[in-house]
Structures are given as C-alpha cells and as structure tokens.
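Each chain, written out:
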Amino acid sequence: MKSTHYQAIVIGAGPAGLTAGIYLSRAKISTLILDSGVAGGQMVLSYEIANYPGFESISGYELSNRMKKQAKSFGCDLMSGISIHEFDFASELKSVVLSNGKRFTADTVILATGGRSRSLGIEGEEHFKGRGISYCATCDGDFFTDKEIAVVGGGNAALEEAVSLTKYASRVTLIHMLDHFQAFEHAQQEVYANPKIDIKMNSRIVKFNGNEALESITVEDMTTGSTHQLDLSGVFIFIGYEANTDFINGRCIHLNERQEVVVDSTMQTNISGVFAAGDANAKRFRQITLATADGTLAALHAIEYLNRSARTQNEAVA
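All residue numbers refer to positions counted from 1 along the written sequence of the respective chain. Owing to the predicted nature of the model, reporting of local features is limited to residues with pLDDT of at least 70; listing and counting of side-chain atom pairs is limited to 80 or more, with chain, interface and lining totals taken over all residues. The side-chain values count all of the structure's non-hydrogen atoms but skip hydrogen atoms and water molecules.

K.L.:
I'd like a description of the overall build of the chain, backed by residues and values.
P.N.:
Put simply, DSSP marks the helices as runs of H or I at least four residues long and the strands as runs of E at least two long, and each gets a number from the N terminus on. When its secondary structure is counted, the chain shows seven helices and 17 strands. Each radius of gyration reported is based on C-alpha atoms, and the globular scaling rule is 2.2 Å times the count of residues to the power 0.38. Its C-alpha atoms give the chain a radius of gyration of 22 Å, within 12% of the compact-globule value 20 Å for 318 residues. The dimensions of the chain, computed from C-alpha atoms along their principal axes, are 75 × 35 × 35 Å. The classification of residues rests on relative accessible area computed with a 1.4 Å probe and restricted to protein chains. Under 20% of the type maximum is buried, over 50% is exposed, and intermediate values are partly exposed. Across the 318 residues of the chain, 47% fall into the buried class. One way to put it: in the chain the 28 positive side-chain charges average out to a point 7 Å from where the 36 negative ones average out. Positive charges come from Lys and Arg, negative ones from Asp and Glu, while His and the chain ends are left out of the count. Just so you know, the charge point we use is NZ for Lys, CZ for Arg, CG for Asp and CD for Glu.

K.L.:
Quick rundown of the sheet that holds strand β15 (residues 234–237)? Include the residues and the values.
P.N.:
Pairing between strands requires that DSSP locate at least two bridges from one strand to the other. Strand order in the open sheet made by the five strands is β8-β15-β9-β10-β11, with parallel pairing throughout. Looking at which strands have only one partner, the edges of the open sheet turn out to be β8 (133–134) and β11 (197–200). Looking at chain direction, strand β9 (residues 148–152) and β15 are connected through four bridges and run parallel. Residue pairing in the sheet places Val152 in a bridge with Ile237 of β15.

K.L.:
Would you mind going over the packing of aromatic side chains in detail, with residue names and values included?
P.N.:
Ring geometry is summarised as follows: Phe, Tyr and Trp rings, the Trp one being its six-membered ring, pair when their centres sit within 6.5 Å, and such pairs are stacked at plane angles under 30 degrees, edge-to-face over 60 and tilted between the two. Taken as a whole and judged by the stated rule, the model has eight aromatic pairs. Measuring from centroid to centroid gives 5.4 Å for Phe144 and Phe236, while their planes differ by 75°, and the two rings are edge-to-face. Of this pair, Phe144 sits in the loop between α4 (137–140) and β9 while Phe236 sits in strand β15, placing them 92 residues apart in sequence. For Phe144, a relative accessible area of 9% translates into the label buried. Plain terms: the ring middles of Phe181 and Tyr192 are 6.1 Å apart, the flat faces sit at 55° to each other, and that makes the pair tilted.

K.L.:
Pulling in residues and values, what's your account of the environment of Leu255?
P.N.:
Counting through the fold element by element, Leu255 comes out in the loop between β16 (241–243) and β17 (274–276). Residues Leu255 and Thr245 lie 10 residues apart in sequence; the distance between their C-alpha atoms is 8.6 Å. Contacts: residue pairs with any heavy atoms within 4.5 Å of one another. Discounting chain neighbours no more than four positions away, the residues touching Leu255 are Thr245, Ile248, Glu260, Val261 and Val262.

The following block contains the structure:
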C-alpha cells in the first residue's frame, strides 16, 4: 500500500492537537493533523470563552479557527472528518490507515483525541448545548450571574461545582436521580449548608425547553412519576467524563481504569515515540489553557525525540 510519510502525526485537532501542530511545524517538522470531526474539538461548543489569556471574550469557533490558521501558516497539513481504520504505534515507524484506504507513516505520534462530558441523552440536550447547557462551571459560570440555574449529578464534581456556581447564580437547583449523594461527606455538608442551593433527590430532567436559548426544564419525580416545569437560564451537567480513546481499544497504549491515556512527565506514553496531550490524558482538571500546555510539552518532547533519533542514525552510519 502506498503511503505518505511525515515526521510527526498528531491525532486530534482540539486545542492540544492544534498547539502541538503549531510548535512542530514552526520547528520545520513535517506534520499532519488528523481529526474525526472539525478542528477545535469540544472548544467549538463554547459560545463564549472569557478566561483564555489575551482575549476578554472570544467564541470557541473563532478561537479554533485562529489556532487552525496559525498551524497551517507554518506548513502543518490538516485532515478533518477522517476515520482511523488501522494503526501501528508500536513499531519504530508508526503508521495510520484511514477508512478511505489512505496510509500515513511517521517517526513520532502525538495523541490529542480529547474527550467528552457524559450526556443525559434526552430531548433538547443537543439543541441547547452552548445555549444554556454547559459541562464546565469554570468556563461558563459567570455567564449566569444573577440567574437561576440547575446542576445535575450526585458525585464530588456535581456538588463542588454547585457550591462554586452560587458565586454567580441567584439560585442553584441540584438534581440527582438517587436518594443519596455519592460525594465525600465534606462536599455534602457544604451543599446542605449553602442557602442558595435547593436539592431535588429522586428526580431527573426529562426534557429541555426553549427557543434559541434554554428557558426551562421538565423534571420528573421518580418516586411518584409526576412532572413539573422549572424555569431557569442554565443547566450544568456533571455525570462523568469520557476520554475519546475508543479507537485504541486496549491495544499497546496504556490506559487507566477510566480509559484515559497514562503519560509520564514528558507527555510520553508507554510506547517510545508516542506522546499524548489534552483531555484524553489522565488528569483532574480540564481547561483549554491546560490542553494547550499539554500540546506544547508533547511537541517539544517529540522534537527532542526526533533529534535523538536523527543523532543515533548519524552515529550508526559514521
């Protein structure tokens, strides 16, 4: 099978992947970025980003386009809407075969496949993502200043973020399907002690309502089966996070129990020459700035790896 060779292949075009592409291509490393969707990843879903250094406010779509344009200006190639059919990361010469039959090889690979917050999967959720529905309190909390919102979930993240969001919102309704929380005791105590938080146990959202923006939710009491409408401006969903590592399917790359990529301090995986960056990595916090930092580190260490490999080859020839 005919293949095209690059010094580096980056899989994923979110902030981590695009940053890696910028650093690699600016260092004159021939680089290809492959992405299953559109450039920007989850960042594209953010209607407004107000905590990215250098911008008082910018949409996720605009920031994504700027990153993509910058990477391409340095000579980085980018292919979107692809599907990986086969890959070999364990060999010294890495390879990726797409579903359309195209094959690419590289000396080093950076995995920047990102992740996704778990969705409720109910009516209206897709429509109101970024228009009232959020999965990141740090990113979007201040957009709901003096407004009524809801938080969904019963774990540590949900309870901690519910308390955090009371800094902005006038009222926070915490909705949980069970009759008890799964969070640590101190997190529960903070929730119960906060006068701005209402708690609805044994409850679930069954529908999101509104026109262009979210206006209300339909909530079901799981004990009685009755439903009622709750008027509010925003809903924050914290029911878990999933790394986009399905395509790895347990092959060669070490993943933890949550299927996140395990890396060392140089962002390298358990496979020599294969690095990982961004939200697919095992970590506590997930922010755009952290993803770009990961992408920077992965690219710099990938460049070092390429330089060491080149020196070793030259010494062998000599």
